[in-house]
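The primary structure of each chain is shown beneath.
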Amino acid sequence: MNGMRRQVGMAFSWLAVASIFASAQSDLPARSILKGAAVEYLFPEQVTVPAGKASDITLHFRIAPGLHINSHTPKDEFLIPTTFSIPEDAGVRLSKATYPAGEEFVLPLDPNTKLSVYTAEFTIQAQIVATVGNHLVEARLRYQACDKNACMPPKAIPVAIDVIGK
Amino acid sequence: MKRNSIVITIVLFILATFAWAGWANWEYRKQAAEKALAATAQAELVPDTNGGMPQYVSPLKGKPAPTFTLEDLGGNKVSLASYKGKAVLINFWATWCGPCKIETPWLVELRSQYAAKGFEILGVSTDDLDRDDKQKLSDEKKDIARSAQQLKISYPVLIDGATLSTPYGGLDEMPTSFFVDRNGTVVAAQLGLTSKADIEANIKKALGE
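Residues numbered from 1 in each chain as written. Chains lettered and ligands numbered in written order. Predicted model: local features only at pLDDT ≥ 70, side-chain atom pairs only at ≥ 80, totals over all residues. Heavy atoms only, no water.

With that settled, the discussion passes to the nonpolar core. Across soluble globular proteins, nonpolar side chains show a tendency to be buried alongside one another. Residue and element names in this part refer to chain B. Counting residues in each nonpolar core, the largest one holds 60 residues, and the members touching the most others are Phe68, Ile90, Phe92, Tyr168, Phe178 and Ile203. If one sorts the elements of this core by residue count, helix 2 (residues 98–114) sits on top with 7 residues. In contact with phenylalanine 92, other than residues within four places in its own chain, are Val124, Thr126, Gly161, Leu164, Tyr168, Leu171, Met174, Pro175, Thr176 and Phe178. (Core = buried A, V, L, I, M, F, W, Y, C linked by side-chain atoms within 4.5 Å. Buried < 20%, exposed > 50% of the residue type's maximum accessible area, 1.4 Å probe, protein only. Helix = DSSP H or I, 4+ residues; strand = E, 2+ residues; numbered from the N terminus. Contact = heavy atoms within 4.5 Å.)

In protein chemistry, a disulfide is the covalent bond that joins the sulfur atoms of two cysteines. Summed over all chains, the structure comprises 2 disulfides over all chains. Bridging Cys146(A) to Cys151(A), the disulfide has an S-S length of 2.1 Å. Residues Cys146(A) and Cys151(A) are joined by a disulfide whose S-S torsion is about 100°; by sign, that bridge is right-handed. When its relative accessible area of 7% is taken as the criterion, Cys146(A) is described as buried. Residue pairing for Cys97(B): its cysteine sulfur links by disulfide to Cys100(B), the two sulfurs lying 2.2 Å apart. Between Cys97(B) and Cys100(B), the S-S torsion sits near 85°, and that sign places the bridge as right-handed. Taking relative accessible area as the criterion, Cys97(B) reaches 0% and is therefore assigned buried. Of the residues examined, Cys100(B) reaches a relative accessible area of 1% and is grouped as buried. (Disulfide = S-S within 2.5 Å.)

All right, on to the sheet that holds strand 12 (residues 155–165) of chain A then. Residue and element names in this part refer to chain A. Read from one edge to the other, the open sheet built from 4 strands follows the order 2-12-10-5, with strand pairing classed as mixed. Only two strands of the sheet have a single neighbouring strand rather than two, namely strand 2 (46–49) and strand 5 (83–85). Neighbour-to-neighbour, the strand axes of this sheet turn through a mean angle of 30°, independent of strand direction. Alignment of strand 10 (residues 133–143) against strand 12, held across 11 bridges, turns out to be antiparallel. Looking at strand 12, one finds that arginine 142 is bridged to alanine 156. (Pairing = 2+ DSSP bridges. Axes fitted to C-alpha atoms, helices over the stretch in contact; angles between N-to-C directions.)

This part takes up the packing of helix 2 of chain B against helix 4 (residues 196–207) of chain B. Residue and element names in this part refer to chain B. Relative orientation of the contacting elements helix 2 and helix 4 amounts to 35°, with a least axis distance of 10 Å. The hand of the helix 2/helix 4 crossing is right-handed. Between helix 2 and helix 4, the contacting residues are Glu103, Trp106, Leu107, Glu109, Leu110, Gln113 and Tyr114 on the first element and Lys196, Ile199, Glu200, Ile203, Lys204 and Leu207 on the second. Considering only residue class, the contact of helix 2 with helix 4 consists of 7 nonpolar, 1 polar and 5 charged. (Left-handed = near helix turned anticlockwise from the far one by under 90°. Nonpolar A, V, L, I, M, F, W, Y, C, P; charged D, E, K, R; others polar.)

Quick look at the structure:
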């Protein structure tokens, strides 16, 4: 009887391993399509803030190597600024966003035009006010990325934060 | 013993079913991803055998340029077909594109240099247009016109170029240019900022020189 239980137990262990293998395999093609994202949200995934009070959180982002994005205050009127937003009715309100100063950047073929950009990693200080409860906030970062020779169309990525208002 | 065998057989059957389901799911997703990529006719960067920068290889090269009809800044319909018999450079650009601003003065000069030989440029803006909001749409058109004026663009500027994304290989980066010969065939394509000399060489190719 014990032998049978052991065999059944082993069989179910293999079953679990096979399920994990199957689900991991199913992700492969999707990942290869997404690998071109210029900006990635790093952290925090979860914050706990006092309900009803303005609270500062620091959001960390990373830009893919070789690319830059316009700062929040680009120097040309036609360039698209980097902006962070939280949708209405999220249970969390963005009362203020403080962006880092851009670094000066010039394109090799146009050394006279100075651009204001972010590269590598950067942070945005967001001041939020949350109601009581657990809010899964799908905020957005809108940016427009370029390298030295070409620019990609403007894009908005989701910034998912679990905000707990206590 | 007989009961053990039955249980093991059932478990093995379940295991085999899961393994098959996982494999089938993976195959399905792989094929769907390949179809999606093929549908957008993605271009490739191919390493230069001489050790230089990777070369842009468009899947449209050697094929008829996809036809289109777009509005110009004055609201007139402009169709690629109406330029048959001319060599045409289709230059996709955007107001937010810094490298486009470096390239555009070269295009203006080259256009005036080769126009007499039957050469034209169509500057196709890929700026987003908000068709549902009349006021926004009007402002967006004005911005494109203002940017074109600042860049002293002397050739036709067409709008709503993002709608040509699929037939023209994704248009994932600006500027992107296609050089079309007098028969309407794409003879060369350029992705990103290259050089005035490269553009001129491709114009000559389109003119059959």
